[in-house]
Amino acid sequence: MQLTLEFGGGLELLCDSVKVHKVNVDLADGEEQLTMKGLLSWVRTNLIKERPEMFMKGDTVRPGVLVLVNDCDWELSGQLDTTLDEKDVVVFISTLHGG
């Protein structure tokens, strides 16, 4: 499944400072649809190059990371259970800033 993943607010530093990734994510065995839970696992394994704890806590994103799926807050679409379709755009933005 082809997706566009965008990282901002400093999260791009965890992915070799690349903000936009055009990726092809394969479904896990037995899965009929890709969910955000599956995508996050894929991102941790394939895109995050350092300090994955800054992006994820357990099987979800850390508090303070805004997640948008096609410009819609994932909290409105089911968070980890949100299903993804071909060519969806998923954006991760850190809302926490150092001072």
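An unreviewed UniProt entry annotates the protein as Ubiquitin-related modifier 1 homolog originating from Saponaria officinalis. The record in UniProt for the protein states the following under Subcellular location (unreviewed entry): "Cytoplasm". As stated in UniProt under Sequence similarities (unreviewed entry), the record for the protein gives "Belongs to the URM1 family."

Details of the overall build of the protein
Helix and strand counts for the protein come out as one helix and nine strands. Each helix and strand of the protein, ordered N terminal to C terminal, gives the series β-β-β-α-β-β-β-β-β-β. For the protein, whose C-alpha radius of gyration is 13 Å, the value lies close to the compact-globule estimate of 13 Å for 99 residues. Counting every position in the protein, which comprises 99 residues, the buried fraction comes to 36%. Taking contacts inside the protein between residues at least 6 apart in sequence as the whole, the part at least 24 apart equals 58%.

Focus: the pattern of salt bridges
Taken as a whole and assessed by the stated rule, the structure comprises one salt bridge. In this structure, Lys 37 engages Asp 59 in a salt bridge whose closest nitrogen and oxygen atoms are separated by 3.4 Å. Of the two residues, Lys 37 is situated in helix H1 (residues 36-46) and Asp 59 in the loop between strand S4 (56-57) and strand S5 (60-61); the sequence distance between them amounts to 22 residues. In this structure Lys 37 comes out as partly exposed when scored by relative accessible area, which is 43%.

Comments concerning the nonpolar core
Formed by 27 residues in total, the largest nonpolar core has its most connected members in Leu 5, Leu 39, Phe 55 and Phe 92. Those elements that place two or more of their residues in this core are strand S1 (2-8), H1, strand S6 (65-69) and strand S9 (89-94). Take this core: its biggest share by element is five residues, from H1. Those residues in contact with Leu 5 that sit more than four places away from it in its chain are Lys 19, Val 20, His 21, Val 23, Leu 39, Trp 42, Val 43, Leu 47 and Val 90.

Rules of the game
- Residues numbered from 1 in each chain as written.
- Predicted model: local features only at pLDDT ≥ 70, side-chain atom pairs only at ≥ 80, totals over all residues.
- Heavy atoms only, no water.
- UniProt positions renumbered as here; feature names shortened; annotations may be inferred.
- Helix = DSSP H or I, 4+ residues; strand = E, 2+ residues; numbered from the N terminus.
- Rg over C-alpha atoms; globule rule 2.2 N^0.38 Å.
- Buried < 20%, exposed > 50% of the residue type's maximum accessible area, 1.4 Å probe, protein only.
- Contact = heavy atoms within 4.5 Å.
- Salt bridge = Lys/Arg side-chain N within 4 Å of Asp/Glu carboxyl O.
- Core = buried A, V, L, I, M, F, W, Y, C linked by side-chain atoms within 4.5 Å.

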